[in-house]
Amino acid sequence: MTVIAADQLKDLVEQVKPWLGSGAVSNYLPELSQARPDDLAVAVDFGEDGVVTAGDRIAKFTLQSVVKVFTLLLALHHRGKDYVFERVGCDQALGSYNSLESFVRTSGVPVNPFVNAGALVIVDMLPGHDPDDRVASVLDFVRALANNPAIGVDLGTARSELMLADQNRALAYYLRGHNFVSTTVEELLWAYCQMCAIEVDVVDLATAGRMLSESTDICVMGEMLDASHLRLVRRLMLSTGMYEASGHYACEVGIPAKCGVSGAMMGVVRHHKGIGIYGPALDASGNSIGGLRLMQLLSKLLDVD
Ligand code: GLU
């Protein structure tokens, strides 16, 4: 197996740093706007060969849209593929992730589980009697996949997002109006905002990414996750994980990955490897500039075909 040395990974970070100046941190939430645009950290989990990190590995950040990978996997596990994909599509999104105009296909369902409309439909499917119950099941799942019981929710960020969630609120009303979701709008949003605000570091993401790389069923919290669901999630990450830049990313990089507006990025590499990146300077599509460039370099180093 190709294992990257710590010095090599540090070199990659140094190579990428000059590009960060062309991006900007997300400013739609006060908590996200406080991020430092020149931060860049990466971890690669090689399973039995250990975890290699570079940059500020203990920096913490919220998952934001990366959580949609975990919520999709949980929904697939509890409801099955047919149930899930009768209610969301698996197509690329043309507009931005939270746009009201472009989130439904002609058949009426949200285009995929990674645009906000699709993610809200997925949250509605998760087991639990109230928002906190649903959040607890996602949090336990993330903790188990990342092998870190200390992972928690940044409630300040979650509350802030709830107050400023008018676009998501509009989506949720639309979805309820068309019977795509049954949870009340405020309960659905509070669950979603807390899930987005789950706080991790790059090692957590790398470890969770490695778990998702398995080609056989995996045991998480005493339950077997189906290999076919893991494969489906990886394929969706590759085809739709980078907002409207997904097609370009798939051609240029080829590592199934999902990013979030906090600058979080999780990559899944076959043969038991996972990548976690934090780079809050974002490009115009909302993708981490450092993250995209690091993924491209890692794709070559790890011989991703
Ligand atoms: N919490 C964010 C929202 O729903 C997540 C967006 C993202 O990371 O793409 O607006």
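What you are looking at is a predicted structure, and each value in this text was computed from that prediction instead of being measured.

Engineer: How would you explain the sheet that holds strand 10 (residues 273-278) if you had to name every residue and give the values?
Structural biologist: Strand order in the open sheet formed by 5 strands is 2-1-10-9-8, and the pairing between neighbours is antiparallel. Lying at the two open borders of the sheet, with one neighbouring strand each, are strand 2 (51-54) and strand 8 (257-259). The average undirected angle you get between the axes of adjacent strands in this sheet is 10 degrees. As paired strands, strand 8 and strand 9 (residues 264-269) are joined by 3 bridges and run antiparallel to one another. Bridged to Ala-257 within strand 9 is Gly-267. The sheet strands contacting helix 10 (residues 202-212) are strand 1 (41-45), strand 2, strand 9 and strand 10, and the helix crosses strand 10 at an angle near 150 degrees.

Engineer: Can you lay out the packing of aromatic side chains for me, pointing to particular residues and giving the numbers?
Structural biologist: A full pass over the atoms with the stated rule returns 1 aromatic pair. Ring centres of Phe-61 and Tyr-278 lie 4.5 Å apart, and the angle between their planes is 0 degrees; this geometry places the pair in the stacked category. Taken together, the residues Phe-61 in strand 3 (residues 61-62) and Tyr-278 in strand 10 connect sequence positions 217 residues apart. For the pair Phe-61 and Tyr-278, one class covers both residues: buried. Lys-258 extends its terminal NZ or CZ atom over the ring of Tyr-243, reaching a point 4.6 Å from the ring centre.

Rules used in this analysis
The numbers attached to residues start from 1 for each chain and follow its sequence in the written order. Reporting in this predicted model follows two pLDDT cut-offs: at least 70 for local features of residues, and 80 or more for side-chain atom pairs to be given and counted; totals over whole chains, interfaces and linings ignore these cut-offs and use all residues. Each side-chain value is derived from all of the structure's non-hydrogen atoms; neither hydrogens nor water enter the calculation. Pairing between strands is defined by DSSP: at least two bridges between them are needed. Strands are runs of DSSP state E lasting at least 2 residues, helices are runs of H or I lasting at least 4, and numbering of each runs from the N terminus. Note on geometry: axes are lines fitted to C-alpha atoms, helical ones only across the stretch in contact, with angles between N-to-C directions running from 0 to 180 degrees. Here a residue-residue contact requires only that any non-hydrogen atoms of the pair lie within 4.5 Å. Aromatic pairing here means that ring centres of Phe, Tyr or Trp (its six-membered ring) are within 6.5 Å. Orientation follows from the plane angle: under 30 degrees is stacked, over 60 is edge-to-face, and everything else is tilted. In this scheme, a residue with accessible area under 20% of its type's maximum is buried, one over 50% is exposed, and one in between is partly exposed, where area comes from a 1.4 Å probe on protein chains only. Only when the NZ atom of a Lys or the CZ atom of an Arg is both within 6 Å of the ring centre and within 35 degrees of the ring normal do we say a charge sits over the ring.

So yeah, pure geometry; function would need other evidence.
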